[in-house]
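Each chain, written out:
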Amino acid sequence: MRKNRRTAIIGGGAAGFFCAVNLKERCPEMEVTIFERSQRVLAKVEVSGGGRCNCTNSFADVRDLSAVYPRGHRLMKRLFKVFGPRDAYNWWEQHGVRLVTQADQCVFPASQDSHTIINCLLREARRLGVEVRLGEKVTSLDQLSDYDAIVVTTGGQPRAEGLQWLGHEVEPPVPSLFTFRIDDGELTALMGTVVEGAHVLLPGTKLRAEGPLLITHWGMSGPAILRLSSYGARQLADSAYRHPLSVNWTGLKEAEVIDELSSLMVQQSQRMLSNVRPFGLPSRLWDYLTQKTLSSRQRSPWGSLNRKELNRLVNVLTNDQYLISGRAPFKDEFVTCGGISLSSVNPNTLESRTRPALYFAGEVLDIDGVTGGFNFQAAWTTAYVVAQAI
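Residues numbered from 1 in each chain as written. Predicted model: local features only at pLDDT ≥ 70, side-chain atom pairs only at ≥ 80, totals over all residues. Heavy atoms only, no water.

Colleague: Before we move on, can you summarise the nonpolar core with the specific residues and values?
Modeller: Among the nonpolar cores identified, the biggest contains 126 residues, and Tyr69, Trp92, Met220, Leu245, Trp249, Trp302 and Trp380 are the most heavily contacted of them. Counting residues per element, this core draws most heavily on helix 13 (residues 374-389), at ten residues. In contact with Leu245, other than residues within four places in its own chain, are Phe180, Ile182, Val200, Leu201, Leu202, Pro203, Met220, Leu228, Asp320, Gln321, Tyr322 and Ile324. (Core = buried A, V, L, I, M, F, W, Y, C linked by side-chain atoms within 4.5 Å. Buried < 20%, exposed > 50% of the residue type's maximum accessible area, 1.4 Å probe, protein only. Helix = DSSP H or I, 4+ residues; strand = E, 2+ residues; numbered from the N terminus. Contact = heavy atoms within 4.5 Å.)

Colleague: Just give me the short version of the environment of Gln270, but keep the residues and values in it.
Modeller: With respect to the secondary-structure elements, Gln270 resides in the loop between helix 10 (254-267) and helix 11 (283-294). Along the sequence, Gln270 and Ser304 sit 34 residues apart, while their C-alpha atoms lie 8.5 Å from each other. Here Ser269 takes part through its side chain, which lies 3.5 Å from a polar atom of the side chain of Gln270. (Polar contact = N/O pair within 3.5 Å; in protein donor to acceptor, adjacent residues only side chain to side chain.)

Colleague: Could you give me a rundown of the sheet that holds strand 13 (residues 243-248), with the residues and numbers involved?
Modeller: Whether parallel or antiparallel, the strands of a sheet pair through hydrogen bonds between backbone atoms. Spatial ordering of the open sheet is given by 14-13-10-11-12-9-15, a layout of seven strands whose pairing is antiparallel. On the outer flanks of this sheet lie strand 14 (320-324) and strand 15 (326-327), each paired with one strand and no other. Here five bridges tie strand 13 to strand 14, and the two strands are oriented antiparallel to one another. If you follow Ser246 over to strand 14, its bridge partner there is Gln321. Running at roughly 135° to strand 11 (residues 208-215), helix 8 (residues 223-231) makes contact with strand 9 (180-181), strand 10 (194-201), strand 11, strand 12 (219-221) and strand 13 of the sheet. In the packing of helix 11 onto the sheet, the strands contacted are strand 10, strand 11 and strand 14, and the crossing angle to strand 14 comes to about 100°. (Pairing = 2+ DSSP bridges. Axes fitted to C-alpha atoms, helices over the stretch in contact; angles between N-to-C directions.)

Colleague: Residues and numbers for the pattern of salt bridges, please.
Modeller: Tallied over the full model, the rule gives eleven salt bridges. The salt bridge involving Arg6 is made with Asp146; its shortest N-O contact spans 3.2 Å. Taken as a pair, Arg6 in strand 1 (residues 6-10) and Asp146 in the loop between strand 6 (131-134) and strand 7 (149-152) lie far apart in primary sequence, 140 residues in all. The exposure class assigned to Asp146 is partly exposed, which follows from its relative accessible area of 47%. The partner of Glu124 in a salt bridge is Arg123, and the shortest N-O contact between them spans 3.7 Å. Owing to a relative accessible area of 36%, Arg123 belongs among the partly exposed residues under this scheme. Several salt bridges share partner residues, and in doing so they unite Arg6, Glu31 and Asp146 into one network. (Salt bridge = Lys/Arg side-chain N within 4 Å of Asp/Glu carboxyl O.)

Colleague: Describe the sheet that holds strand 1, listing the residues and the values that go with them.
Modeller: Strand order in the open sheet formed by five strands is 6-2-1-7-17, and the pairing between neighbours is parallel. Either end of the sheet is taken by a strand with one partner, and the two such strands are strand 6 and strand 17 (358-360). Each neighbouring strand pair of the sheet contributes to a mean axis angle of 20°, computed without reference to strand direction. As defined by bridge partners, strand 1 adjoins strand 2 (residues 31-36) across five bridges and the pair is classed as parallel. Residue pairing across strands places Ile9 opposite Ile34, the latter belonging to strand 2. This element, helix 1 (residues 14-26), spans strand 1, strand 2, strand 6 and strand 7 of the sheet and lies at about 170° to strand 2.

Colleague: Any details on helix 12 (residues 307-318)? Residues and values, ideally.
Modeller: Three or four residues apart is the spacing at which side chains of an α-helix point the same way, because the helix has 3.6 residues per turn. With twelve residues, helix 12 should reach 16 Å at 1.5 Å per residue; the first-to-last C-alpha distance of 16 Å fits that figure. Taken together, the buried positions of helix 12 are Glu309, Leu310, Leu313, Val314, Val316, Leu317 and Thr318. Those residues of helix 12 that are buried lie in contact with strand 13, helix 10, helix 11 and strand 14. A side-chain oxygen of the first residue of helix 12 lies 3.1 Å from the backbone nitrogen of Lys308; this N-cap is Asn306. (Expected span 1.5 Å × (residues − 1).)

Colleague: Break down the packing of helix 1 against helix 5 (residues 114-128) for me, citing the residues and quoting the values.
Modeller: Two elements in contact, helix 1 and helix 5, have axes whose closest approach is 9 Å; the angle formed by their N-to-C orientations is 35°. The crossing of helix 1 and helix 5 is left-handed. Where helix 1 approaches helix 5, its residues Phe17, Phe18, Val21, Lys24 and Glu25 are matched on the opposing element by Leu121, Leu122, Glu124, Ala125, Arg127 and Leu128. Of the residues belonging to the contact of helix 1 with helix 5, the class tally is seven nonpolar, no polar and four charged. (Left-handed = near helix turned anticlockwise from the far one by under 90°. Nonpolar A, V, L, I, M, F, W, Y, C, P; charged D, E, K, R; others polar.)

Colleague: Summarise helix 10; cite the residues concerned and give the values.
Modeller: Across its 14 residues, helix 10 extends 20 Å between first and last C-alpha, which sits within 8% of the 20 Å expected from 1.5 Å per residue. Where helix 10 is concerned, the buried positions are Val257, Leu261, Leu264 and Met265. Across the axial projection of helix 10, the buried residues extend over an arc of 100°, all falling on one side. Across from the buried face of helix 10, at angles greater than 90 degrees, the exposed residues are Asp259, Val266 and Gln267. Lining the buried residues of helix 10 we find helix 12. (Arc of directions from axis to C-beta.)

Here it is in structure tokens:
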């Protein structure tokens, strides 16, 4: 059986270029063309990770892939046997990109510059002879009927209509990895405050997340919030992004917080509430929380608190209630939940079940991860699997 001679890749993003480069490395004689509708390629890579590009994760702290891939974890587990995180790490280093792994297991280029990743992909594509056509919008697969294989790597789409031309079942796209707008002026006045190890949850669901939480001038952000938005992407969309939010500022159980505060009432009995901040909480946040619960007692000594006041303080530390009133005021969603249904593709090759020689890779599939390099890893893995299949 002859090899495919010509392959078209629709989309000039991370998955598209990674697939193209791996195709040419495997089959130098193959003609590979990337069709990109805009005048720029790899734009999303450039701004990712604050311009540093969190290109993968060590997965050392991941015990269950469903914790980092709310959609698609079973498929990712299968595909990792072909090309997993360690394979991706080695691939980049073998192609001249030195990587570093942070304490939180996020992997970045040692240069701390996303252009290192971009330049590598562009350099390899040029070296191998990948053709890149800018400003070419593909609206029908029939436009590419003279190609032996077609790979769709168009990324996430804001609406299902953007994928229906492909003729496959589509899981309705909704935003994922977004920050929360909270209309509370006293809270947002604390913008810039970071709380390490906060726990957040959506009351009435089993959805919860933990990690650093950042208070912003519009509400809340940070890894804990972004993870929760990913887990609850569909529920939050269904509620029009109006939903209660519970915050445990300490990350501890209620009994542990009671014990700590009870000890302070004894050991620091003569010191004022405002001068002793437990659990390593930032001073501005502690003042805000005590004002919220014990407004007239902030300058009272710890030893003067009664049981009712202690319980109010414990409650605000472990179960502080807010109302999410929307997504952030700017369109800063990083990922889309939804896309081509995984039931539409062969789980071993990502080839369409209904149209031979049509493949899907990257965010166009109904696979999405939480923040931390997991979405780029999904792009590398799915693109590599497709290249191998072709």
